[in-house]
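Here is what each chain is made of, one letter per residue.
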Amino acid sequence: MTGTEHDLRLLICAPAPVSDGSGELKLDTKFVEGMHTHASDWGGPVRCVLWRSNADIPFGKVHDPATLPFELVILDKGAPLSSRALDGVAAAMLSADMQGISDMADTVKAANVPFVVTIEYTLATRFRILWLEKRQNPLRLLRSGIWLMNHERGIRKAISRADGVQCNGYPAYDSYAPLTGNALLYLDNRMTPKLLADDAEMETRASRLRAGAPLRLIHSGRLEALKGSQDLPGLMQALRDLRVDATLDVYGAGRLVETLQKAFAPFGERVRLHAPVDFETELVPINRNHADIFVSCHRQQDPSCTYLEAMGCGIAVAGYANQMWQRLQATSGAGRVAPLADVTQLARSIAAWDKDREALISDCQRGLDFARQHDFPSEFMKRMEQVRALSAAPLP
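All of these numbers come straight from a predicted model, not from anything done at the bench.

Participant: Would you explain the overall build of the chain in this entry?
Facilitator: Tallying secondary structure elements over the chain gives 14 helices and 16 strands in all. A compact globule built from 396 residues would reach a C-alpha radius of gyration of about 21 Å, and the chain, at 22 Å, matches this within 12%. Out of the 396 residues in the chain, the part that is buried amounts to 51%. Here the analysis covers contacts within the chain between residues at least 6 apart in sequence; of these, 70% occur between residues at least 24 apart. Accessible surface, the chain as shown: approximately 18000 Å² in total, 51% of it carbon and sulfur. Side-chain charges of the chain comprise 45 positive and 47 negative groups, with the mean position of each set lying 6 Å from the other.

Participant: What exactly am I supposed to notice about the side chain of Gln-301 here?
Facilitator: Structurally, Gln-301 is set in the loop between β14 (293–296) and α10 (306–312). You can call Gln-301 buried: its relative accessible area is 17%. A distance of 3.5 Å separates a polar side-chain atom of Gln-301 from the backbone oxygen of Arg-299. At a separation of 2.4 Å, a polar atom in the side chain of Gln-301 contacts the main-chain amide nitrogen of Gln-323. Setting aside residues no more than four positions away along its own chain, Gln-301 makes contact with Thr-125, Pro-171, Asn-322, Gln-323 and Met-324.

Participant: What am I meant to see in the pairing of strand β9 (residues 164–168) here?
Facilitator: Of all five residues in β9, five are buried, a share of seventy percent or more. Where burial is concerned, the two faces of β9 agree: the one with Gly-164, Gln-166 and Asn-168 and the one with Val-165 and Cys-167 are both buried. Where strand β8 (residues 115–119) meets β9, four bridges bridge the pair, whose relative direction is parallel. Bridge pairing in β9 places Val-116 opposite Gly-164. Sheet topology places β9 next to strand β10 (residues 183–186); four bridges connect them, and they run parallel. The partner of Val-165 across the bridge, within β10, is Ala-183. Running through helix α5 (residues 170–176), the crossover from β9 to the neighbouring parallel element β10 is right-handed.

Participant: Got a minute to help me understand the sheet that holds β14 in this structure?
Facilitator: The strands making up a sheet are joined through hydrogen bonds of the backbone, oriented either antiparallel or parallel. Spatial strand order, β13-β12-β11-β14-β15-β16: six strands in an open sheet with parallel pairing. Of all the strands in the sheet, just β13 (271–274) and β16 (336–338) have a single pairing partner and so form its edges. Mean inter-strand twist for the sheet, computed between neighbouring axes without regard to direction, equals 20°. As defined by bridge partners, β14 adjoins strand β15 (residues 316–320) across four bridges and the pair is classed as parallel. Residue pairing in the sheet places Phe-294 in a bridge with Val-317 of β15. Of the strands in this sheet, β12 (246–251) and β13 are in contact with helix α8 (residues 257–264), which crosses β13 at around 160°. Each of β11 (215–220) and β12 touches helix α9 (residues 279–290); the most contacted strand, β11, lies at about 160° to it.

Participant: Whenever I open this one, helix α1 (residues 29–42) confuses me. Can you help?
Facilitator: An α-helix turns once every 3.6 residues. As a result, residues three or four positions apart point the same way. For α1, built from 14 residues, the straight-helix expectation of 20 Å at 1.5 Å per residue is met to within 8% by its first-to-last C-alpha distance of 20 Å. For α1, the set of buried residues is Phe-31, Val-32, Met-35, His-38, Ala-39 and Trp-42. Buried residues of α1, seen end-on, are gathered within an arc of 115° and therefore sit on one face of the element. For α1, the exposed residues set more than 90 degrees away from the buried face come down to Lys-30 and Ser-40. Buried residues in α1 make contact with β1 (9–13), β3 (25–28), β4 (46–51), β5 (60–63), β7 (89–95) and α14 (376–391). Where α1 ends, the next residue or the one after it, Gly-43, has phi of about 80°, a positive value.

Participant: Just to check I follow, could you spell out the pairing of β8 for this structure?
Facilitator: Sheet faces and side chains relate simply in a regular strand, where the side chains alternate between the two faces. The buried fraction of β8 is high, at five of five residues. Residue alternation in β8 divides its side chains into two sets, Phe-115, Val-117 and Ile-119 and Val-116 and Thr-118, and both sets are buried. As paired strands, β7 and β8 are joined by four bridges and run parallel to one another. From the neighbouring strand, Met-93 faces β8, where its bridge partner is Val-116.

Participant: When you look at the nonpolar core in this model, what are you seeing that I'm missing?
Facilitator: Core analysis: the biggest nonpolar cluster contains 64 residues, and Leu-215, Leu-217, Leu-248, Ile-293 and Ile-350 have the highest contact counts within it. Ranked by the residues each element gives to this core, the list is headed by helix α13 (residues 357–373), at seven residues. The residues touching Leu-217, leaving out its near neighbours within four places in the chain, are Met-236, Leu-239, Ala-246, Thr-247, Leu-248, Asp-249, Ile-293, Val-295 and Ile-350. Membership of the second largest hydrophobic core comes to 29 residues, among which are Val-49, Met-104, Ile-155 and Cys-167.

Participant: What am I meant to see in the sheet that holds β9 here?
Facilitator: Pairing is parallel in the open sheet, where seven strands are placed in the order β6-β4-β1-β7-β8-β9-β10. Here the strands that pair on one side only, and so sit at the sheet edges, are β6 (71–75) and β10. Neighbour-to-neighbour, the strand axes of the sheet open up by a mean angle of 20°, direction not taken into account. Relative to β7, β1 runs parallel, the two being bridged by five bridges. Across the sheet, residue Ile-12 finds its bridge partner in β7, namely Met-93. Against the sheet, α14 touches β1, β7, β8, β9 and β10, its axis set at about 165° to β10.

Participant: Looking at this model, I keep getting lost on the packing of α1 against α14. Mind explaining?
Facilitator: The relative placement of two packed helices is expressed as an angle between their axes plus a distance between the axes. The geometry of α1 relative to α14 is characterised by a closest axis approach of 10 Å and an angle of 55° between their N-to-C directions. Relative to α14, α1 is oriented oblique. For α1 against α14, the interelement crossing comes out right-handed. In contact with Thr-37, His-38, Asp-41 and Trp-42 of α1, α14 contributes Phe-376, Phe-380, Met-384, Val-387, Arg-388 and Ser-391. Residue composition of the contact of α1 with α14, grouped by class: five nonpolar, three polar and two charged.

Basis of the calculations
Residues numbered from 1 in each chain as written. Predicted model: local features only at pLDDT ≥ 70, side-chain atom pairs only at ≥ 80, totals over all residues. Heavy atoms only, no water. Helix = DSSP H or I, 4+ residues; strand = E, 2+ residues; numbered from the N terminus. Rg over C-alpha atoms; globule rule 2.2 N^0.38 Å. Buried < 20%, exposed > 50% of the residue type's maximum accessible area, 1.4 Å probe, protein only. Contact = heavy atoms within 4.5 Å. Areas by Shrake-Rupley, 256 points an atom, 1.4 Å probe, with all protein chains shown as cover. Lys, Arg positive; Asp, Glu negative; His and termini not counted. Charge placed at Lys NZ, Arg CZ, Asp CG, Glu CD. Polar contact = N/O pair within 3.5 Å; in protein donor to acceptor, adjacent residues only side chain to side chain. Pairing = 2+ DSSP bridges. Right-handed = clockwise from strand over helix to strand, strands pointing away. Axes fitted to C-alpha atoms, helices over the stretch in contact; angles between N-to-C directions. Expected span 1.5 Å × (residues − 1). Arc of directions from axis to C-beta. Core = buried A, V, L, I, M, F, W, Y, C linked by side-chain atoms within 4.5 Å. Parallel < 35°, antiparallel > 145°, perpendicular 65-115°, else oblique. Left-handed = near helix turned anticlockwise from the far one by under 90°. Nonpolar A, V, L, I, M, F, W, Y, C, P; charged D, E, K, R; others polar.

Just geometry here; none of it tells us what the structure is for.
Structure below.
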């Protein structure tokens, strides 16, 4: 152990999928990447508890447990958090997404281990997701709604007993910060300093916009009704009606792919539908060098990292007035907001940028400036500092 490390153990209980059948350990790639960051920033031993499930791991990879930078404890689905998992633990982080969060919090509290609860979805967002996914089956909708209400009570009980709460995004902070005297707001995203747009790229985009070139719109993510992707064809038609010269590139996959392909056909090469690409090596460079505006038709209130990531690439954001984007736009002073599900107003906000290119250039710059202040290392450091303060762990 070096002089910058400590031996205080951090426990993380997460809802990530895990499969350890047939002698192979399979974990979600993004989860493992996140745990690498936790282990590095904590500077001491990290233990992670996961629960077996039947969920698919589409972006999973087989790992050798010996190569992981953390100790992994795997429990059966529905099994209670064991007291053995708390041996030698100085602090714990519990995800509110896990079933049995209230009982888990009671177990950690009984062991006199300080802990924080991490949360991003509010009850309203959970119900919105439920409605969009199960509205065709009233009985399942009712049963799931009852489960959500019970789970929300458990979340609130856990937070009230916790030593702190970490809220990803403004809606979660507004909902759960009043339950504790130690609430932290953070804006989760994947933008590291090397991924942020540079001055040369910003100047190249500005010069192109000042020259009157067509607006380059971009959209990325899951192509699902849940994300509002079905509004994109209507947006492009509204822009055509407003005589806005614009192209649209869509990167993603989902149940709406075939529907969108047909709806985009009348626009020819002005709208291009692409398969998903790697975020860091492909999507970020595309945003930085081949886009001007990120369009979001997201109606949910969840803390989508897409807004901040687009801003970090130096492109402006135009989106619906969900609670997250409305607050983020007001706080950053960048981007445009249109009423929920109002494609016409969203198109008009983009058309206003088309007529006032200097305003668009300024929004791009203000968004980038805000993203620079809230890149991933900065936001993650705040979270770990809160946990260290509870454990009295030294800074790494």
